[in-house]
Amino acid sequence: MMRKLFDEELEKLNVDLTKMGHLVEVAIENMIDAFKHQDKALAKEIIANDRLINDMERTVESRAFNLILRQQPIATDLRNVTTALKIVTDLERIGDQAADIAEIIMNFEGEHAYKTVEHIPTMAKKAKIMVHESIDSFIKKDLSTARLVKSMDDEIDALFEEVKQEVAEIIKENSERIDYCIDFLMIAKYLERVGDHAVNICEWLEFNQTGSVNDQRLI
């Protein structure tokens, strides 16, 4: 009876995590669309919907803590609950970064920002892929896809370096655009952090399946 109850509660936990993952994916997709089209109404919607992601984080945390306190799980069960607590934090951070970029989009005026710095759109697309694949790999417990996502982190880091060089050239040509360029750097930095959190999700899946992260045994 206790085992059945635990499994039912764990399933509810996984369902909530999946729902949260979907909300985060939608936030990233909308953020890219808002940036691409300078759609301030959509940017405002992203900021407002970040509250839903935060609410889901609290729901997942509450379920996880209740499982630990009431069921006192060990071994694999403990790994499942611990993984949920770790992944929910990274999902919430990704949602925050989407909202942070949306805040910057709200301030854009005039020229089309999305096309100004060549490598930012590429970074955005890469970040979107990493988020989708990391969430998908967690849902499917697919370690091979998770490892592929981790390998993409070097690519998004390299793109960030390209953005910094592009922005430096823009400032060199016109120093009056420095505030505008700071916004570009912030967007690129947020996208780089999105990639980092996607990698974290993959590492926690690795922990969930093996008890190790990057060949270091944790449990």
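Now for a look at the structure at hand. (Residues numbered from 1 in each chain as written. Predicted model: local features only at pLDDT ≥ 70, side-chain atom pairs only at ≥ 80, totals over all residues. Heavy atoms only, no water.)

Scanning the protein chain for helices and strands turns up seven helices and two strands. Counting from the amino terminus, helix and strand elements in the protein chain follow one another as α-α-α-α-α-α-α-β-β. Split into buried and exposed, the 219 residues of the protein chain put 47% on the buried side. Counting only contacts in the protein chain whose residues sit at least 6 apart along the sequence, the fraction spanning at least 24 positions is 82%. For the protein chain, the separation between the mean place of its 28 positive charges and that of its 43 negative charges on side chains is 5 Å. (Helix = DSSP H or I, 4+ residues; strand = E, 2+ residues; numbered from the N terminus. Buried < 20%, exposed > 50% of the residue type's maximum accessible area, 1.4 Å probe, protein only. Contact = heavy atoms within 4.5 Å. Lys, Arg positive; Asp, Glu negative; His and termini not counted. Charge placed at Lys NZ, Arg CZ, Asp CG, Glu CD.)

Leftover empty space is mapped by rolling, across the atoms, a probe with the size of a water molecule. Applying the stated criterion to the full structure yields one cavity of 30 Å³ or more. By volume, the largest cavity is sized at about 40 Å³. In terms of lining, the largest cavity is formed by Leu17, Thr18, Gly21, Ile87, Leu91, Ile135, Phe138, Ile139 and Ile201. Elements with a contribution of two residues or more to the lining of the largest cavity: helix 1 (2-37), helix 3 (75-107) and helix 4 (119-140). A per-class count over the lining of the largest cavity returns seven nonpolar, two polar and no charged. (1 Å grid on protein atoms, 1.4 Å probe; cavity = no way out; pocket = protein on both sides within 12 Å on 5 of 7 lines; lining within 4 Å. Points joined across faces, edges and corners; volume = space filled by probe spheres on them. Nonpolar A, V, L, I, M, F, W, Y, C, P; charged D, E, K, R; others polar.)

Our focus in this paragraph is the pattern of salt bridges. Across all of its chains, the model carries 14 salt bridges by this definition. Glu8 is the salt-bridge partner of Lys4, the closest N and O atoms lying 2.8 Å from each other. Taken as a pair, Lys4 and Glu8 lie in helix 1 at a separation of four residues, close to a single helical turn. Owing to a relative accessible area of 53%, Lys4 belongs among the exposed residues under this scheme. Residue Glu8 is classed as partly exposed on the basis of its relative accessible area of 37%. Put simply, Arg63 and Asp16 hold a salt bridge, and the shortest N to O gap is 2.6 Å. Taken together, the residues span a long stretch of sequence, with Arg63 in helix 2 (residues 40-71) and Asp16 in helix 1 at a distance of 47 residues. On the basis of relative accessibility, which here comes to 8%, the residue Asp16 falls in the buried class. Connected through shared salt-bridge partners, Glu9, Lys12, Asp16 and Arg63 make up one network. (Salt bridge = Lys/Arg side-chain N within 4 Å of Asp/Glu carboxyl O.)

For the rest of this paragraph, the subject is the environment of Leu143. For Leu143, the position within the fold is in helix 5 (residues 143-151). Exposure remark for Leu143: the relative accessible area of 18% places this residue in the buried category. Through-space distance from the C-alpha of Leu143 to that of Glu206 is 6.6 Å; in sequence the pair is 63 residues apart. Look past the residues within four positions of Leu143 in its chain and what remains in contact with it is Leu205, Glu206, Gln209 and Thr210.

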